[in-house]
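Summary of the model geometry
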Amino acid sequence: MKAGVIGILEGALEEAKKAGLISTVEIPAIVLDKPKKEEFGDFSTNIAMLLAPLEKKKPRDIANAVAEKVAAYPDVEKCEVAGPGFINIFLKRTFWLKALLDIAGKGERFGQSEIGAGKKVQVEFVSANPTGPLHIGHGRGAAVGDALSRILRKAGFNVTREYYINDAGRQVFTLGESVRIRVEELKGKAIEFPPDHYKGEYVRDIAREYIEKYDDGGAGAPGYQEFGTSAMLEMIKKDLEDFRVGFDVWFSEKSLDDSGKVAETIQDLKDKGHIYEAEGAVWFRTTDFGDDKDRVLVKADGERTYFASDIAYHRDKMERGFDALVNIWGADHHGYEGRIRALLRALGHDDSALKIIFIQLVALLRKGVPVPMGKREGEFVTLRQVMDEVGTDACRFFFLMRRPDAQLDFDLELAKSQAPENPVYYVQYCHARIKSIIGFASEKGINVPERFDEKLLSRLEEKEESEIIKHLGAFEELVERSALAMEPHRITFYLMELAGLFHPYYNKTRVVTDDPELTAARLLLCRAVATVVANGLALLGVSAPDKM
RNA sequence: GCGCCUGUAGCUCAGUGGAUAGAGCAUCGGCCUCCGAAGCCGAGGGUCGGAGGUUCAAAUCCUCUCAGGCGCGCCA
């Protein structure tokens, strides 16, 4: 919708230029606003005020000249100049009705665009260590990463979702040890459990499973570490599956090491002169590329650091030819950003290809009272627990109700309440309600018309109806902007607004009436709302139920 | 001490440099003989943490400052 108006404006500016009213060659980018007040029109632009200093003329004079040209376009009802020099454009109702025709024609494809132009984007998210179950914070990252991937795809990007498995190094070793100790314990040995090991109940479960399968100690028995890691990974995969989060690639840290890529990367940096040795360790001079301090790649004891794997991983990512990389990290990792950017630049890449989204903490509440968390106490709340309690739909929706970098209060009781204050149901109810209306009409032998035109739709004369239609028409641009800004929460807010327009309309206006033409037009409008709600919820990975 | 994030209504939060800053919840008062009341209508509520600066125009950009969170390992 908006693109069309920008076209009109560009045309008008060109005409003004030809008529000698404007002399500036480089016209600033056109910004179209949706004014807050309807007296300011459907769209408003500040272009005259931006041109004023360049033209050395009064903004209002320029605005008047442009407005006159704009007003001549057939889709334009009128065009006014207001305030310091805003150009306010009022469009004809028929212009908006095109959105309804569009939605009816495209159905679930409505909202799709080509703005991504098939660019390859990798979204790496969750990437939790396979040493314990996913907790609530991972869940938020999973919801954001998954929704973002869906939105990017809708906007025409070629998306790869990837999970980086930290299956090498200290932590998985400790997991293996934890399993071993529990196995021996279960067999009756009294062993003091080391405090820095994983003491969650799930480790006992894994130990029990191990004893059941391999206690005979057959030749094929895997090591504790290997067994524990794969058991944890299976559990994580199952959690994610039930959370409706899928991945295209599961990338193993261990495989990087095995294939020699870590050593290769260090050598590469050495060849480029970014490596030095000091105090028995091998350092990467990241300070040459904006980092706070240099970083160790190989410790004095000969062991590689986690960062050594990470540089190999990000080098590998770049070599796979992505146009953009998105990393979704917990906010506690933001200290890592500098060194990863340093790496990309050291390798000669443009680090602006990398976008890191930091996920802030989730504060779990129950009726407003904080639920205690803390990994050390072994009483951290898992994604599984929350999912089971409030359901996947509510859980995902709540995670996507806030900007990722803002802390989130998640109230369990609110999320599962079937009361009106629960926003998940507010949106889903809108969809179910419309399906019910369409069902009611069809029982009376009235169906959503197969064939229709602008004349039929022009029966939608209520103010609420045009507001809804305008909002529907903004959906495509919303998806684009949400994709480009990489902000899934915009979709959530849009849907709450759309439902907030529809419910009052429904309460006030009868859809199924004695007037067949009016009924047909309103059924079409309703179905369009349902389509957009369903499409929007699909981007969030939340279901759009026909009945609730 | 240094770095990053966040300060907007009682609470939780929206708000690509634009016009009189919005929504939900909470509070109070109303609406089901009629397409789904998981809904609707109405009311009250603000020094956009603070101070300077840039601009025709600042919640938005810059500087300083205050408050909260997080990070500053040869841990991952």
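Residues numbered from 1 in each chain as written. Chains lettered and ligands numbered in written order. Predicted model: local features only at pLDDT ≥ 70, side-chain atom pairs only at ≥ 80, totals over all residues. Heavy atoms only, no water.

Along its 13 residues, helix α3 (residues 59–71) runs 18 Å from first to last C-alpha, staying within 8% of the 18 Å computed at 1.5 Å per residue. Among the residues of α3, those classed as buried are Ile62, Ala63, Ala65, Val66, Ala67 and Val70. In this structure, the buried residues of α3 make contact with α1 (2–18), α2 (47–55), β3 (76–82) and β4 (86–91). (Helix = DSSP H or I, 4+ residues; strand = E, 2+ residues; numbered from the N terminus. Expected span 1.5 Å × (residues − 1). Buried < 20%, exposed > 50% of the residue type's maximum accessible area, 1.4 Å probe, protein only. Contact = heavy atoms within 4.5 Å.)

Looking now at the layout of surface pockets. Approximately 1300 Å³ is the volume found for the second largest pocket. What lines the second largest pocket is a set of 39 residues, among which Lys34, Asp42, Phe43, Lys470 and Ala474 lie closest to the centre. Elements supplying a minimum of two residues to the lining of the second largest pocket: α1, β1 (32–33), β4, α4 (93–106), α18 (463–473), α19 (475–485) and α20 (489–508). Per-element tally for the lining of the second largest pocket: the top contributor is α18, with six residues. In terms of domain composition, the lining of the second largest pocket takes at least three residues from each of domain 1 (2–91) and domain 4 (420–540). (1 Å grid on protein atoms, 1.4 Å probe; cavity = no way out; pocket = protein on both sides within 12 Å on 5 of 7 lines; lining within 4 Å. Points joined across faces, edges and corners; volume = space filled by probe spheres on them. Domains from an automatic or database assignment.)

A separate point is the packing of aromatic side chains. Summed over the entire model, instances satisfying the criterion amount to 25 aromatic pairs. Ring plane angle 35° and centroid distance 6.3 Å describe the contact between Tyr164 and Phe251, whose orientation is recorded as tilted. Here Tyr164 is found in strand β6 (residues 158–165), whereas its partner Phe251 is found in strand β7 (residues 249–252), with 87 residues between them in sequence. The exposure classification of Tyr164 matches that of Phe251, with both residues buried. (Phe/Tyr/Trp six-rings, centres within 6.5 Å; stacked < 30°, edge-to-face > 60°.)

Taken in spatial order, the three strands make up an open sheet running β8-β9-β10, and their pairing is antiparallel. Both edges of this open sheet fall to β8 (275–278) and β10 (295–298), since each of them pairs with a single strand only. Between one strand axis and the next, the sheet turns by 45° as a mean value, whatever way the strands run. Two elements, strand β9 (residues 281–284) and β10, share three bridges in a ladder whose sense is antiparallel. Counted as the bridge partner of Trp283 is Val296 from β10. In the packing of helix α10 (residues 261–271) onto the sheet, the strands contacted are β8, β9 and β10, and the crossing angle to β8 comes to about 100°. (Pairing = 2+ DSSP bridges. Axes fitted to C-alpha atoms, helices over the stretch in contact; angles between N-to-C directions.)

Nothing here speaks to function; it is geometry throughout.
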